[in-house]
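# Secondary and tertiary structure notes
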Amino acid sequence: MRYCKTLIFSTLVLTLCSCATMFNSKKTSVTILTSEPSSLTIDKDTIGQVAASRSLEVKRNKEPLTITVFNDSLSKTVNIKSKNSFAYWLNVYPNWHFWTGFYIDTKTKKRYTYPRTVYVDLGGSDSTYLTYNPVSDPLNKQTHIFKLTPLKIVGFSNPSVELSYELKTSRSFSTQIMASYMLPFSVIEIANDFKPEMKGYRVSLEERFYLKKSAPLGTYLSFEINYLNNQYKDIWYFGVKEIYTDTTYNFTNYPDTFGVKKQTYSLNFKYGYQKIFNRFSIDIYAGLGLRYKDVKHFDRIKPEDEMELPRHPNMYYMTNREGKYWTISIPLNIKIGWAF
């Protein structure tokens, strides 16, 4: 009976309470790193010990955390911005009381936290800080990354061998170039009788901005210009286009093996995250953009006939539709690489 009461009580607490109020303590840990050994003043409270690294327990608050680091010759004050904690965002998990945890947590300081790591460069003339330690950055000296996109080899659309090279150009920016060579067919379609005999290439230029001034590590936003030129064979039904609404249709549509020549120009905005373990990198990204397509058919039985319009959205129809037109581009993939 006691066990049942405890279980019921725990369930009510988990469903009725807000996550930050429940899980967060009143304080959070912050590690302050400085470019030179220094003393520290935090909210007018001076910590006299001279050190380049110190871990502190500070109260959660919406207001910035003001610290001053100083030594005999240098001094710098920074305001460390607060942010919503992970526990606060746990309120997004669906529940029967319709996310009222967000409203409850709005009333408490426990919803906030500060960056776990704050690095202050005493030699800098501005009042900025970093939320990582650049001294231990594994790419502090290595600014080049060669990458491969493994999933492109087994892709249904435009299978290829794709190589990329990223060059760090400043603390926040990097530039990446990419080139890919189209494969005759996808690796996963090796047993199929029909071979598209694809040939062609793709190239792109991408400029990246890393949000934490940590290029080439962490979260980034980027703008990419992408060009594709390829040629391949495919099979589709031709004849009457609107077979489901045309009353004169007498099931005369026929399959045809035909050739496709395609050029595309894409402008993509991407959001990604790059993690580096020693020298091994993983780059995950997704994005949205515009694509201009110039698609031409050749070796058709009857060039004047229309492609049969499928009843439901079909990737192959949208890929092979003849003409010059704009469409949506959705870049999404994972790259692995080696930094040096």
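The sections below set out a description of the structure shown in this document. (Residues numbered from 1 in each chain as written. Predicted model: local features only at pLDDT ≥ 70, side-chain atom pairs only at ≥ 80, totals over all residues. Heavy atoms only, no water.)

Pro216 follows Ala215 through a cis peptide bond whose omega is 0 degrees. With respect to the helices and strands, the residue Pro216 is situated in the loop between strand 11 (199-210) and strand 12 (218-239). Even without a glycine there, the phi angle at Glu197 is positive, about 50 degrees. Within the element layout of this structure, Glu197 appears in the loop between strand 10 (173-182) and strand 11. We classify Glu197 as partly exposed; its relative accessible area is 48%. Backbone geometry at Asn278 places phi at a positive 55 degrees, although glycine is not the residue there. Tracing the backbone through its elements, the reader meets Asn278 in the loop between strand 13 (254-277) and strand 14 (280-298). (Helix = DSSP H or I, 4+ residues; strand = E, 2+ residues; numbered from the N terminus. Buried < 20%, exposed > 50% of the residue type's maximum accessible area, 1.4 Å probe, protein only.)

On the surface, Lys26, Lys27, Lys59 and Lys109 cluster together into a patch of positive charge. Looking at the element boundaries, Lys109 is found in the loop between helix 4 (100-106) and strand 6 (112-113). Under the relative-accessibility criterion, Lys109 is labelled exposed at 51%. (Patch = residues over 30% accessible without salt bridge, like charges linked within 9 Å, V, L, I, M, F, W, Y side chains within 5 Å. Areas by Shrake-Rupley, 256 points an atom, 1.4 Å probe, with all protein chains shown as cover. Salt bridge = Lys/Arg side-chain N within 4 Å of Asp/Glu carboxyl O. Lys, Arg positive; Asp, Glu negative; His and termini not counted. Charge placed at Lys NZ, Arg CZ, Asp CG, Glu CD.)

Our focus in this paragraph is the side chain of Asp283. Mapped onto the elements, Asp283 comes out in strand 14. Separated by 2.5 Å, the side chains of Asp283 and Arg208 make a polar contact. What Asp283 contacts, discounting residues up to four positions off in sequence, is Lys147, Gln176, Arg208, Tyr220, Tyr273, Gln274, Asn333, Ile334 and Lys335. (Polar contact = N/O pair within 3.5 Å; in protein donor to acceptor, adjacent residues only side chain to side chain. Contact = heavy atoms within 4.5 Å.)

This part covers a nonpolar patch on the surface. On the surface, Phe146, Phe277, Phe280, Trp338 and Phe340 cluster together to form a nonpolar patch covering roughly 540 Å² of accessible area. Position of Phe277 among the secondary structure elements: in strand 13.

Counted under the stated rule, the structure contains 9 salt bridges. The shortest N-O distance in the salt bridge between Asp283 and Lys147 comes to 3.1 Å. Taken together, the residues Asp283 in strand 14 and Lys147 in strand 8 (residues 144-148) connect sequence positions 136 residues apart. Considered together, Asp283 and Lys147 belong to a single accessibility category, that of buried residues. Between Asp283 and Arg208 there is a salt bridge; the shortest N-O distance is 2.5 Å.

Treat this as a map of the structure, not an account of what it does.
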